[in-house]
Amino acid sequence: GESVGLHLPTLSVQEGDNSIINCAYSNSASDYFIWYKQESGKGPQFIIDIRSNMDKRQGQRVTVLLNKTVKHLSLQIAATQPGDSAVYFCAESRYSSASKIIFGSGTRLSIRP
Amino acid sequence: EAGVTQSPTHLIKTRGQQATLRCSPISGHTSVYWYQQALGLGLQFLLWYDEGEERNRGNFPPRFSGRQFPNYSSELNVNALELEDSALYLCASSSGQGAMNEQFFGPGTRLTVL
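A brief look at the structure comes next. (Residues numbered from 1 in each chain as written. Chains lettered and ligands numbered in written order. Predicted model: local features only at pLDDT ≥ 70, side-chain atom pairs only at ≥ 80, totals over all residues. Heavy atoms only, no water.)

With that settled, consider the pattern of salt bridges. Tallying each qualifying case throughout the model produces nine salt bridges over all chains. Glu39 of chain A is paired through a salt bridge with Lys42 of chain A; the nearest N and O atoms lie 3.9 Å apart. According to the relative accessible area criterion, Glu39 of chain A is partly exposed, its value standing at 25%. Accessibility expressed as a relative area gives 47% for Lys42 of chain A, which makes it partly exposed. Where Arg55 of chain B meets Asp50 of chain B, a salt bridge forms, and the shortest distance between an N and an O atom there is 3.6 Å. We classify Arg55 of chain B as partly exposed; its relative accessible area is 32%. A relative accessible area of 3% places Asp50 of chain B in the buried class. (Salt bridge = Lys/Arg side-chain N within 4 Å of Asp/Glu carboxyl O. Buried < 20%, exposed > 50% of the residue type's maximum accessible area, 1.4 Å probe, protein only.)

Our focus in this paragraph is the state of the cysteines. Residue and element names in this part refer to chain A. Enumeration over the complete set of coordinates arrives at two disulfides over all chains. Across the disulfide, Cys23 is cross-linked to Cys90 (sulfur-sulfur distance 1.8 Å). Here the S-S torsion is close to 50 degrees, and the disulfide linking Cys23 with Cys90 is therefore right-handed. One end of the pair, Cys23, is in strand E3 (residues 19-25); the other, Cys90, is in strand E9 (residues 86-93), and 67 residues separate them in sequence. You can call Cys23 buried: its relative accessible area is 1%. (Disulfide = S-S within 2.5 Å. Helix = DSSP H or I, 4+ residues; strand = E, 2+ residues; numbered from the N terminus.)

Below, the discussion takes up the sheet that holds strand E1 (residues 5-7) of chain B. Neighbouring strands of a sheet are bound in pairs by backbone hydrogen bonds; such pairs are parallel or else antiparallel. All names here are of chain B. Taken in spatial order, the four strands make up an open sheet running E1-E3-E8-E7, and their pairing is antiparallel. Looking at strand neighbours, the two that pair on one side only are E1 and strand E7 (64-68), the edges of this open sheet. Sheet twist, expressed as the average angle between the axes of neighbouring strands with direction ignored, equals 20 degrees. Note that E7 and strand E8 (residues 74-78) share five bridges and pair antiparallel. Bridge pairing links Gln68 to Ser74 in E8. (Pairing = 2+ DSSP bridges. Axes fitted to C-alpha atoms, helices over the stretch in contact; angles between N-to-C directions.)

Turning our attention to the pairing of E8 of chain B. Residues and elements named next belong to chain B. Of all five residues that make up E8, five are buried, and the element is covered over most of its length. Where burial is concerned, the two faces of E8 agree: the one with Ser74, Leu76 and Val78 and the one with Glu75 and Asn77 are both buried. By the bridge criterion, five bridges tie strand E3 (residues 19-24) to E8 in an arrangement that is antiparallel. Counted as the bridge partner of Cys23 is Ser74 from E8. A loop of five residues connects E7 with E8, the two strands running antiparallel in sequence, and Tyr72 in this loop sits at a positive phi of about 75 degrees.

Here's what the structure looks like:
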């Protein structure tokens with residue numbers, strides 16, 4: 001069946017270092033991928049998205065990489081800050097109407113001072 | 001601009017009871033999505049409403065139902081509550097159909113079934 005999962009449930013990173021959060025997906029028909037950040041006590045917040053016709057997309061301090069060959073998605077956070085502490089979810093979908101988003105189980109990112 | 005709002009913040013019920021959760025989308029948004037987030041798990045898609053109609057449904061039993069009102073607010077009903085229904089229920093809204101329209105999430109309703 002369809003599934004989106006994460007390689008690591010928790011990730012501890014030194015403040016100032018770069019963070020890399022990985023995600024695997026199994027539905028080869030998915031062509032749209034999203035990363036969400038969920039801070040404690042809040043709902044998920046959109047970070048960045050990427051369509052399958054791209055393999056890299058950059059935002060402010062974040063970069064998403066897509067490897068369709070191995071169905072792998074990653075989120076890179078540059079110069080990790082304490083405010084980056086949260087659970088990060090990847091999600092997949094079809095870039096079309098009437099389509100639902102399938103979320104992964106999440107990775108908790110903690111920052112060491 | 002007000003974000004997505006949900007009520008109540010917390011809800012405690014006992015097994016067999018019914019729960020009603022409410023969501024108000026961002027002004028101008030016509031799509032409302034409901035998700036269940038059990039402790040330690042990811043978001044599981046429940047329901048999607050747009051323009052008052054149910055557009056898609058996740059793999060949940062029929063006792064999970066909902067509706068969208070003419071003002072685009074939405075209600076999620078869970079009948080015959082079971083212990084495993086305890087979770088954070090998140091509502092999101094978007095300005096159009098489909099995943100390409102960014103979904104904005106509310107803070108959630110924490111449902112506890114005793």
